[in-house]
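Take a look at the letters that make up each chain.
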Amino acid sequence: MNSWAIVAIVAIAVWGFVQLRKARMGIVRDKQGNESRIAQDDPEARRELEELRERVKVLERITVDGREARAIADEIEALRNEQDKQTS
């Protein structure tokens, strides 16, 4: 086999290994080619996700109940007021 072919195969293998390691470490590349690491533990994103989960639970409770529209509107307002008190 040609020595250039061996060099090319080794170079491709090394490049592939480096790319695999970067992916496992959470390193991503943006459109401009800049590399950055993905934040693994973002407390702000975790808090927002937890709030969204709670909202989905509330919406599920509202939709499965067979109550009148006025009762549903009152419950939504009560939940909004409760959330406003918690964030203040």
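Quick caveat, the model's predicted, so the values are computed rather than measured. (Residues numbered from 1 in each chain as written. Predicted model: local features only at pLDDT ≥ 70, side-chain atom pairs only at ≥ 80, totals over all residues. Heavy atoms only, no water.)

Asks: Please give an account of the overall build of the chain that cites residues and values.
Replies: Tallying secondary structure elements over the chain gives three helices and two strands in all. Moving toward the C terminus, one meets the helices and strands of the chain in the order α-β-β-α-α. Looking at the chain residue by residue over its 88 residues, the buried ones come to 5%. Per element, the accessible surface of the chain, about 8000 Å² overall, is 58% carbon and sulfur. (Helix = DSSP H or I, 4+ residues; strand = E, 2+ residues; numbered from the N terminus. Buried < 20%, exposed > 50% of the residue type's maximum accessible area, 1.4 Å probe, protein only. Areas by Shrake-Rupley, 256 points an atom, 1.4 Å probe, with all protein chains shown as cover.)

Asks: Break down the pattern of salt bridges for me, citing the residues and quoting the values.
Replies: A full pass over the atoms with the stated rule returns seven salt bridges. Put simply, Glu35 and Lys22 hold a salt bridge, and the shortest N to O gap is 2.6 Å. One end of the pair, Glu35, is in strand β2 (residues 35–37); the other, Lys22, is in helix α1 (residues 3–25), with 13 residues separating them in the sequence. Given the relative accessible area of 39%, Glu35 is considered partly exposed. The partner of Glu50 in a salt bridge is Arg53, with the nearest N and O atoms 3.5 Å apart. Here Glu50 and its partner Arg53 are both found in helix α2 (residues 43–64), three residues apart, which amounts to about one turn of the helix. Owing to a relative accessible area of 39%, Glu50 belongs among the partly exposed residues under this scheme. Classification of Arg53 by relative accessible area gives partly exposed; the value is 46%. (Salt bridge = Lys/Arg side-chain N within 4 Å of Asp/Glu carboxyl O.)

Asks: Describe a nonpolar patch on the surface, listing the residues and the values that go with them.
Replies: A cluster of nonpolar side chains, namely Ile6, Val10, Val14, Phe17 and Val18, defines an oily patch on the protein surface of about 440 Å² accessible area. Inspection of the secondary structure puts Val18 in helix α1. (Patch = residues over 30% accessible without salt bridge, like charges linked within 9 Å, V, L, I, M, F, W, Y side chains within 5 Å.)

Asks: Explain α1 residue by residue, including any values.
Replies: If you check α1, its first and last C-alpha atoms are 33 Å apart, about what 23 residues at 1.5 Å a residue would give, namely 33 Å. Remark: Gly26 follows α1 within two positions and exhibits a positive phi of approximately 85°. (Expected span 1.5 Å × (residues − 1).)

Asks: Residue-level account of the environment of Ile27, with values.
Replies: By the element assignment, Ile27 lies in strand β1 (residues 27–29). Expressed as a C-alpha distance, the spacing of Ile27 and Arg37, which sit ten residues apart in the sequence, is 4.3 Å. Each residue touching Ile27, except ones within four places of it in the same chain, is listed here: Lys22, Glu35, Ser36 and Arg37. (Contact = heavy atoms within 4.5 Å.)

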